[in-house]
Amino acid sequence: MVMKNCPPQFQADAVALYQSRPEATIRQVAADLGINPETLRNWVRAAGVSRLRGRRAEVPTEPPTPLEAENAALRMKVRELEEEREILRKATEYLAGETRW
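What counts and how
- Residues numbered from 1 in each chain as written.
- Predicted model: local features only at pLDDT ≥ 70, side-chain atom pairs only at ≥ 80, totals over all residues.
- Heavy atoms only, no water.
- Helix = DSSP H or I, 4+ residues; strand = E, 2+ residues; numbered from the N terminus.
- Buried < 20%, exposed > 50% of the residue type's maximum accessible area, 1.4 Å probe, protein only.
- Contact = heavy atoms within 4.5 Å.
- Areas by Shrake-Rupley, 256 points an atom, 1.4 Å probe, with all protein chains shown as cover.
- Salt bridge = Lys/Arg side-chain N within 4 Å of Asp/Glu carboxyl O.
- Core = buried A, V, L, I, M, F, W, Y, C linked by side-chain atoms within 4.5 Å.
- Axes fitted to C-alpha atoms, helices over the stretch in contact; angles between N-to-C directions.
- Parallel < 35°, antiparallel > 145°, perpendicular 65-115°, else oblique.
- Arc of directions from axis to C-beta.
- Polar contact = N/O pair within 3.5 Å; in protein donor to acceptor, adjacent residues only side chain to side chain.

- The chain has the name Transposase in an unreviewed UniProt entry, where Streptomyces alfalfae is given as its organism.

As structure tokens, this is what we get:
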């Protein structure tokens, strides 16, 4: 997918998606959206977004059962896919001239 001028809302949505996925890299999020990783990196820098390096130490009260862990992972993946779908839907509408941005 080649976009020369992405609408500001698409850029903001892409940065928000990157922020919402702390385990994902810029390269992974850009691939999911079909954009160049350097483009997303520039948008993230321009938005002033930064993420902590490493992970925060969390002390779970009880380790989750395998089923609970799988459910949590699946819920997170569904959220990610819904966000990506919405961003791509908006980009498609914009490119088709049906902009509602």
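## Some details on the overall build of the chain
Item 1. Check the secondary structure of the chain and you find 4 helices and 0 strands.
Item 2. Each helix and strand of the chain, placed in order from N terminus to C terminus, yields the pattern α-α-α-α.
Item 3. Within the chain, the fraction of its 101 residues that count as buried is 26%.
Item 4. In the chain, once contacts between residues fewer than 6 apart in sequence are set aside, the share between residues at least 24 apart is 66%.
Item 5. Accessible area of the chain: about 7600 Å², with a carbon and sulfur share of 52%.

## Digging into the pattern of salt bridges
Item 1. Counted by the stated rule, this structure contains 8 salt bridges.
Item 2. Between D32 and R21 there is a salt bridge, and its shortest N-O distance comes to 2.8 Å. Taken together, the positions of D32 in helix 2 (residues 26-33) and R21 in the loop between helix 1 (8-20) and helix 2 put the pair 11 residues apart, joining distant regions of the chain.
Item 3. Measuring nitrogen to oxygen at the nearest pair gives 2.7 Å for the salt bridge that ties R21 to E84. Pair noted here: R21 is in the loop between helix 1 and helix 2 and E84 is in helix 4 (residues 66-95), with a separation of 63 residues, a long-range link. Grouping residues by exposure puts R21 and E84 together as buried.

## What about the nonpolar core?
Item 1. Ranked by size, the top nonpolar core spans 18 residues in total, and within it F10, V29, L33, I35, L40 and W43 carry the most contacts.
Item 2. Counting residues per element, this core draws most heavily on helix 1, at 5 residues.
Item 3. Not counting residues up to four positions away in its chain, the partners in contact with V29 are A14, L17, Y18, R21, A24 and L40.

## Brief notes about the packing of helix 1 against helix 3 (residues 37-47)
Item 1. At a closest axis distance of 10 Å, the pairing of helix 1 and helix 3 adopts a crossing angle of 90°. What the angle tells us is that helix 1 and helix 3 run roughly perpendicular. For the pair helix 1 and helix 3, contact is made by F10, Q11, A14, V15 and Y18 and by L40, W43, V44 and A47, respectively.

## Describing helix 3
Item 1. Turning to helix 3, its buried residues are P37, L40, W43 and V44. Considered in projection along helix 3, the buried side chains sweep an arc of 125° and stay on one side of the axis. The exposed residues of helix 3 that point more than 90 degrees off its buried face are R45 and A46.
Item 2. On its buried face, helix 3 is in contact with helix 1 and helix 2.
Item 3. Looking at where helix 3 begins, the residue whose side-chain oxygen comes 2.7 Å from the main-chain nitrogen of E38 is N36.
Item 4. Looking one or two residues past helix 3, G48 carries a phi angle of roughly 75°, positive in sign.

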